[in-house]
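Observations on the three-dimensional arrangement
One letter stands for each residue in the lines below.
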Amino acid sequence: MRSITVLSGGVGGARFLRGLLHGIRTGVLPGVSPDARVTVIGNTGDDLWLHGLKICPDLDTVMYTLGDGIDGERGWGRRDETWHVNEELTAYGLDNTWFGLGDRDVATHLVRTQMLEAGYPLSAVTEALTRRWLFPTYADRLALLPMTDDRTETHVVIADPDLERSPSGRRVIHFQEYWIKLRASVPVESLVFVGLDEAKPAPGVLDAIAEADLVILPPSNPIVSVGTILSVAGVRENLIATKAKVVGLSPIIGGHHVHGMAEQMLTAQGIEVSAAGVGLHYGARGHGGVLDGWLMDSSDTDSVERVTAGGLRAAAVPLLMSDPDATAAMAAAAISLVSEDA
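Let me sum up the structure you'll find in this document. (Residues numbered from 1 in each chain as written. Predicted model: local features only at pLDDT ≥ 70, side-chain atom pairs only at ≥ 80, totals over all residues. Heavy atoms only, no water.)

1. What to know about the side chain of S123
- Looking at where S123 falls in the secondary structure, it is placed in helix α5 (residues 122-133).
- Once residues within four sequence positions are removed from consideration, S123 is found in contact with P146, D149, A202 and P203. (Helix = DSSP H or I, 4+ residues; strand = E, 2+ residues; numbered from the N terminus. Contact = heavy atoms within 4.5 Å.)

2. Looking at helix α14 (residues 324-337)
- If you check α14, its first and last C-alpha atoms are 20 Å apart, about what 14 residues at 1.5 Å a residue would give, namely 20 Å.
- Residues T327, A328, M330, A331, A332, A334, I335 and L337 constitute the buried set of α14.
- Residues of α14 that are buried sit in contact with α1 (11-26), β9 (214-217), β10 (245-249), β13 (293-297) and β14 (313-317).
- Regarding α14, its N-cap is D323, as a side-chain oxygen of that residue lies 3.0 Å from the backbone nitrogen of D325 further along. (Expected span 1.5 Å × (residues − 1). Buried < 20%, exposed > 50% of the residue type's maximum accessible area, 1.4 Å probe, protein only. Polar contact = N/O pair within 3.5 Å; in protein donor to acceptor, adjacent residues only side chain to side chain.)

3. Concerning the packing of α1 against helix α2 (residues 57-66)
- With their axes 9 Å apart at the nearest point, α1 and α2 run at an angle of 30 degrees to one another. Of the possible angle classes, the one that applies to α1 and α2 is roughly parallel. Regarding α1 and α2, the two cross each other, and that crossing is right-handed. Contact residues: α1 offers V11, A14, L17, R18 and L21, while α2 offers T61, V62, T65 and L66. (Axes fitted to C-alpha atoms, helices over the stretch in contact; angles between N-to-C directions. Parallel < 35°, antiparallel > 145°, perpendicular 65-115°, else oblique. Left-handed = near helix turned anticlockwise from the far one by under 90°.)

4. Some words on the layout of surface pockets
- Roughly 990 Å³ of internal volume is contained in the largest pocket.
- If you go around the largest pocket, you meet 43 residues; those closest to its centre are V11, W76, W179, H259 and G260.
- Counting residues per element, the ones that place at least two in the lining of the largest pocket are α1, α2, α4 (103-117) and α7 (175-181).
- A total of five residues in the lining of the largest pocket trace back to one element, the largest contributor, which is α2.
- Tallied by class, residues from the lining of the largest pocket come to 20 nonpolar, 16 polar and seven charged.
- Elements that contribute at least two residues to the lining of the second largest pocket include exactly α5 and β5 (142-146).
- Looking at which element gives the most residues to the lining of the second largest pocket, the answer is β5, with five residues. (1 Å grid on protein atoms, 1.4 Å probe; cavity = no way out; pocket = protein on both sides within 12 Å on 5 of 7 lines; lining within 4 Å. Points joined across faces, edges and corners; volume = space filled by probe spheres on them. Nonpolar A, V, L, I, M, F, W, Y, C, P; charged D, E, K, R; others polar.)

5. Quick look at the sheet that holds strand β7 (residues 170-174)
- With antiparallel pairing, the three strands of this open sheet are ordered in space as β7-β6-β8. Sheet topology places β7 and β8 (190-194) at the edges, where each strand pairs with a single neighbour. Looking at each pair of strands side by side, their axes are set apart by 30 degrees on average, direction ignored.
- Sheet analysis places strand β6 (residues 153-159) next to β7, joined by five bridges and oriented antiparallel. In the sheet register, V156 faces β7, and the bridge partner there is I173. (Pairing = 2+ DSSP bridges.)

6. A few points about the nonpolar core
- Within the largest apolar cluster, 50 residues are counted, with the highest numbers of intra-cluster contacts made by Y178, L217, L239, M265 and Y282.
- The residues touching M265, leaving out its near neighbours within four places in the chain, are F175, Y178, V188, L191, N221, I223 and V224.
- Among the nonpolar cores identified, the runner-up in size contains 43 residues, and L21, V32, I253 and L337 belong to it. (Core = buried A, V, L, I, M, F, W, Y, C linked by side-chain atoms within 4.5 Å.)

Next up, the structure:
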């Protein structure tokens, strides 16, 4: 196995990727060549424009994590960050400083924005940025691709009792405002995926799926991370048609998400908040879905039979990404689940 493609969101996807690459390096992944190439298709549905800057939170989280520049405690942003720019914006009275732009992080957004305004597509910009962060360690064995070069944004519909501001009693806000400013503390009525219906896959995305030996859906948010990638034109169809095995890992453990707001997003879409519910939502390729196998946590062992009845290979193992070794063991279990002799 020499080619692995991963459909990744931000924090959860990045931590899984770190463990996957650790597993390749240490040789603990069954059937995977030590010089295997990993292609990451990153979610851009969380992207936003703020202070005139183009911000790609999930792409940056993957880039910083694998490039050893991430703030490990927060799980996002740069390590050893300072906040002078954000403090000055606050002093000017701007009301959108809830998105904490660190000084080091601002440099990435400035470079990205300047390149976009010069006419480069996001895929070319991402390639240029990752040359700093990924190439020194991984050379040509790791690539990070945005899911699309087109502008896509996820917006959230919430109740708003201020009828002067929102006569309908509802308000639409950007996903980042819901997650960071409101801390996902209010119920979601529905989601609005702006631009997603017209989005075309970025160069290399469909090839990365069609030519892979293995495709992995990591424990990222199934609605606003992996779900948005699957909604880009051609991605789902290529995932169903690929010769590769496709395996996913549950972001829900014991009925709850480990990080983020998967519970709120699943509820808004009417999907059961459970490991089995998410696995069956993705579905088996033999039944119109996208997966061959679904890995759940040991606490959800009693759901294995239910998922298997839905046409998927299923197993339960420890899924907490406590360190790279534990995460590499998860990746090894996922690969073993869908191996030909399983």
